[in-house]
Amino acid sequence: MAIEIDEGSFRDPRGHIYLTADRVFRTVTQKGIDEYSRVKATGLLDKLVARNLLLGFEEIDKNAHDFVQPEVVLLLEHPKLPFVSYPYEWGFQQLKSAALLQLDIYIEALRHDVTLTDATAYNIQFVGAQPVFIDHLAFRPYRNGEFWLAHRQFCEQFLNPLLLRAKLGIAHNAWYRGSLEGISTSDLNGLLPFGKKLSWNVFSQVVLQAHFQKATLEKSARTAVSTKKGLPKLSFERLLISMRSWIETLKPLDGGNTVWGDYANDNSYSENAEAQKRRFVEAFVAEVKPDVLWDFGCNTGEYSAAALISGTKYFVGFDFDLAAIDKAFARARNEDLAFLPLYLDAANPAPDQGWSQLERKGLRSRADCNSLLALALVHHLAIGKNIPLDAVVEWLIALAPNGVVEFVPKSDPMVQELLRFRDDIFDHYDIDHFVKFIGKRADIVQNEQVQDSERRLIRYVRH
């Protein structure tokens, strides 16, 4: 059994994550065992697991799994997540739900005389629409009178990205991806117009904090900390509750305006064509039965429930439209679906990045994809982004050995809309070339014309 360290866990001397093909282990070292044991004795961890707020864990024999390092005292095993995602891939509502989870855990921890060592958003993952905390070593005993030492990190990684969208209508994703520690308070303060700073919440959490951070840089950090008075635990808890109440009210300034979020109800398909596409997808899933199915161009998740009923265990959807992602997330939550919608610009997917380009993994290196759907996607890449049709086909088939792809011809109203304000330079964009390019890399199992249109649904199996 090959065991490899997760490169994203190197920062914590109290323990690291190790992975096999289907198992996840966490070491607890000499530096972490005392705090872990004291926290566990409070019953907090078990309570959070029972409420599905903390990822499950089991203490196991480290010697049975070749963990012979002298610094490793204890070994934990966790269930393997179907897919790992990052904050810059979440929609507004997902980031908001993650922020609320972080605060809920902190409030519950304080009631057990426990606090958190940090407030990084990377300690939260999603299982479907359910956020779950994953760092069991982020807890330590609370010290009387201490401050919220992770307040700045919480603001940069949760609050400020939410405020960027809620107050300015600017999505956090591109900024967050470019600055993995989040959005600094000084940057947000510089962006906000005067009128947006007048509410007490924004003034206290952005304007004043930006001022304090600037002041801290102008004198020694030791002096700044030593002059502070202690914060009673009840006041600490009230601060967290107040922050939670405010975040719960935040909404996107744009009101969820969308380019493609209404595509399911406003497209060139007839009812017969839509039913045909659904049957095609259901038959594909029923035969292949993939553990995890990726859907590129998932929109609001029209095929998620159908795929889950037909045999896939987990459905990961990707889309460029953030309002559609929010709607898909709401669907997954309301219908309790094993469906995780994520933001993705397929023409510019997130790369391997972070320290030594190993800390945050890109799409290809993060997980293997057995099966995919790419419906109403190809024309956006080939015509909307000027990516050669051959390259689009190669990328999709390289991602997954089994898949269903849709070809939308130039005569279709959706493609005509893309061509309306540009020259048609796409000489090879036709069904014959599309089939030829697929045939170079895969066997075509089905090639079916969509009713009442010239669109094609093609199912392939990679050579």
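Residues numbered from 1 in each chain as written. Predicted model: local features only at pLDDT ≥ 70, side-chain atom pairs only at ≥ 80, totals over all residues. Heavy atoms only, no water.

## Description of the overall build of the protein chain
- Secondary structure assignment for the protein chain yields 17 helices and 16 strands.
- For 463 residues, the compact-globule formula gives about 23 Å, and the C-alpha radius of gyration of the protein chain, at 24 Å, lands near that figure.
- On the principal axes, the C-alpha backbone points of the protein chain span a range of 75 × 60 × 40 Å.
- Looking at the protein chain as a whole, 52% of its 463 residues qualify as buried.
- Just so you have it, the protein chain exposes about 21,100 Å², and 51% of that area is on carbon and sulfur atoms.
- Charge-centre separation for the protein chain: the mean point of 53 positive side chains lies 7 Å from the mean point of 60 negative side chains. (Helix = DSSP H or I, 4+ residues; strand = E, 2+ residues; numbered from the N terminus. Rg over C-alpha atoms; globule rule 2.2 N^0.38 Å. Buried < 20%, exposed > 50% of the residue type's maximum accessible area, 1.4 Å probe, protein only. Areas by Shrake-Rupley, 256 points an atom, 1.4 Å probe, with all protein chains shown as cover. Lys, Arg positive; Asp, Glu negative; His and termini not counted. Charge placed at Lys NZ, Arg CZ, Asp CG, Glu CD.)

## A word on the sheet that holds strand S3 (residues 24-29)
- Taking strand neighbours across the sheet as the criterion, the 5 strands line up as S1-S2-S3-S5-S4 in an open arrangement whose pairing is antiparallel. In this open sheet, the two edge strands, each paired with only one partner strand, are strand S1 (4-5) and strand S4 (58-60).
- Strand direction decides the pairing type here: S3 and strand S5 (residues 72-78), joined by 6 bridges, are antiparallel. Bridge pairing in S5 places Thr 29 opposite Val 72.
- Its contacts with the sheet place helix H1 (residues 30-41) against S3, S4 and S5, and it is angled at close to 100 degrees to S3. (Pairing = 2+ DSSP bridges. Contact = heavy atoms within 4.5 Å. Axes fitted to C-alpha atoms, helices over the stretch in contact; angles between N-to-C directions.)

## Description of the sheet that holds strand S12 (residues 339-343)
- With mixed pairing, 7 strands are arranged side by side in an open sheet as S12-S11-S10-S13-S14-S16-S15. Every other strand in the sheet has two partners, leaving S12 and strand S15 (442-449) as the edge strands with one partner each. Put simply, the sheet's adjacent strands are angled 20 degrees from each other on average, direction ignored.
- For strand S11 (residues 314-319) and S12, the ladder comprises 5 bridges, and the chain directions are parallel. Bridging from a neighbouring strand, Val 316 pairs with Leu 340 of S12.
- Packed on one face of the sheet, helix H10 (residues 271-288) meets strand S10 (292-296), strand S13 (371-374), strand S14 (402-407), S15 and strand S16 (456-462) and runs near 15 degrees to S16.

## Examining the confidence of the model for the protein chain
- For the protein chain, per-residue confidence averages 92 on the pLDDT scale, and residues scoring 70 or more make up 94% of the total.
- Note that residues 221-227 has pLDDT below 50 and, in this model, 3 contacts with residues that lie over four places away or in other chains. (pLDDT = per-residue confidence, 0-100.)

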